[in-house]
Amino acid sequence: MKKLIEWLNKIAGQRLTGVLALIYVYDDREDNNSPQAIYLEFDNNLHGCVRCASDGESIEYDSNAPAEIDLGRYGNEILKYISNQGPWRECVGEKLNDSFVLIADNNVCMGVRLLFQSGKSVDIVNLGDELYVYDFLPESIVAEEHIETKRINSNMTNI
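The structure presented is a predicted model; accordingly, all values stated were derived computationally and were not measured.

Draft legend 1. A look at the overall build of the chain. In terms of regular secondary structure, the chain is built from two helices and 12 strands. Secondary structure elements of the chain occur, N-terminal to C-terminal, as α-β-β-β-β-β-β-β-β-β-β-β-α-β. Rg of the C-alpha trace for the chain: 15 Å, near the compact-globule value of 15 Å for 159 residues, within the 12% margin. Expressed along its principal axes, the backbone C-alpha trace of the chain runs to roughly 45 × 35 × 25 Å. Look at the contacts in the chain between residues 6 or more apart in sequence, and 57% of them connect residues 24 or more apart. For the chain, the accessible surface area stands at approximately 8,400 Å², while carbon and sulfur atoms represent 42% of it. Seen as two clouds, the 14 positive and the 26 negative side-chain charges of the chain have centres 7 Å apart.

Shown next as structure tokens:
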């Protein structure tokens, strides 16, 4: 989680310029509800990729763009520009004002909340080893998962 927090501190105050998603496709049907990864591009060449971690509960961050994958008879994973879809369409072009980590009751970082200058927010969360994007995480999920929201600042290096 340290790399994630460092990145969130770096992108604070930066303008979101684009969003790509790694989408699973099978028989020409795209699974747009649960992307494999979300790649965020900000001003000053600051970018990052958020995806489900291998533990099946948390999220992980890295600075590499996801790659398309041909899964043969099992389909494909394709990169898709989604800046004009869902909650992203109201956030692209906006500066990131604040960010939060979403912590489950077992002290697992299961997501992030990005709050933009316009007041719009986007939550990226791992639910059952599936990545979901919300404009605001439903209260029923917050209650069920016992999620605590912790604001990111430069002093948060030991969560």
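Draft legend 2. Local environment of the nonpolar core. Formed by 31 residues in total, the largest nonpolar core has its most connected members in Leu4, Trp7, Leu8, Ile38, Leu40, Trp88 and Ile124. Elements represented by at least two residues in this core include exactly helix 1 (2-11), strand 1 (16-26), strand 3 (37-42), strand 4 (46-52), strand 5 (59-62), strand 8 (96-103), strand 9 (109-116) and strand 10 (121-126). By size, the runner-up hydrophobic cluster in this structure holds nine residues, among which are Val125, Leu127, Ile141 and Val142.

Draft legend 3. Structural detail: a nonpolar patch on the surface. There is a patch of nonpolar side chains on the surface, built from Ile69, Leu71 and Tyr74 and spanning about 260 Å² of accessible area. Considering the arrangement of structural elements, one finds Ile69 in strand 6 (residues 69-70). Take Ile69: its relative accessible area is 38%, and that puts it in the partly exposed class.

Draft legend 4. Representation of the side chain of Gln14 within the structure. Structurally, Gln14 is set in the loop between helix 1 and strand 1. When sequence neighbours within four positions are dropped, the list of residues in contact with Gln14 reads Phe42, Asp43, Asn44, Leu46, Glu94, Lys95 and Leu96.

Draft legend 5. Fine view of a negative patch on the surface. A cluster of like negative charges, contributed by Asp55, Glu57, Glu60, Asp129 and Glu130, occupies part of the molecular surface. With respect to the helices and strands, Glu57 occurs in the loop between strand 4 and strand 5. Residue classification places Glu57 among the partly exposed positions, given a relative accessible area of 39%.

Draft legend 6. Structural view of the environment of Ile38. Mapping Ile38 onto the fold places it in strand 3. Measuring from C-alpha to C-alpha, the distance between Ile38 and Gly48 comes to 8.3 Å, with 10 residues separating the pair along the chain. Contacts of Ile38, omitting those with residues within four sequence positions, involve Val19, Leu20, Ala21, Gly48, Cys49, Val50, Ile82, Trp88, Ile124, Leu131 and Val133.

Draft legend 7. The sheet that holds strand 12 (residues 148-151), seen in detail. Ordered by their spatial adjacency, five strands build an open sheet running 11-10-9-8-12, and the pairing between neighbours is antiparallel. Each edge of the open sheet carries a strand with a single partner, namely strand 11 (131-134) and strand 12. Neighbour to neighbour, the strand axes of the sheet diverge by 20° on average, direction disregarded. Relative to strand 9, strand 8 is paired through seven bridges, and the arrangement is antiparallel. Bridged to Asp98 within strand 9 is Leu115.

Draft legend 8. Up close: the pattern of salt bridges. For the structure shown, the criterion picks out seven salt bridges. Put simply, Arg15 and Asp43 hold a salt bridge, and the shortest N to O gap is 3.1 Å. Here the residue Arg15 occupies a position in the loop between helix 1 and strand 1, and Asp43 occupies one in the loop between strand 3 and strand 4, the gap between them amounting to 28 residues. Take Arg15: its relative accessible area is 34%, and that puts it in the partly exposed class. Its relative accessible area of 23% is what places Asp43 among the partly exposed residues.

Cut-off values and rules
- Residues numbered from 1 in each chain as written.
- Predicted model: local features only at pLDDT ≥ 70, side-chain atom pairs only at ≥ 80, totals over all residues.
- Heavy atoms only, no water.
- Helix = DSSP H or I, 4+ residues; strand = E, 2+ residues; numbered from the N terminus.
- Rg over C-alpha atoms; globule rule 2.2 N^0.38 Å.
- Contact = heavy atoms within 4.5 Å.
- Areas by Shrake-Rupley, 256 points an atom, 1.4 Å probe, with all protein chains shown as cover.
- Lys, Arg positive; Asp, Glu negative; His and termini not counted.
- Charge placed at Lys NZ, Arg CZ, Asp CG, Glu CD.
- Core = buried A, V, L, I, M, F, W, Y, C linked by side-chain atoms within 4.5 Å.
- Buried < 20%, exposed > 50% of the residue type's maximum accessible area, 1.4 Å probe, protein only.
- Patch = residues over 30% accessible without salt bridge, like charges linked within 9 Å, V, L, I, M, F, W, Y side chains within 5 Å.
- Salt bridge = Lys/Arg side-chain N within 4 Å of Asp/Glu carboxyl O.
- Pairing = 2+ DSSP bridges.
- Axes fitted to C-alpha atoms, helices over the stretch in contact; angles between N-to-C directions.

Everything listed is a geometric property; what it means functionally is a separate question.
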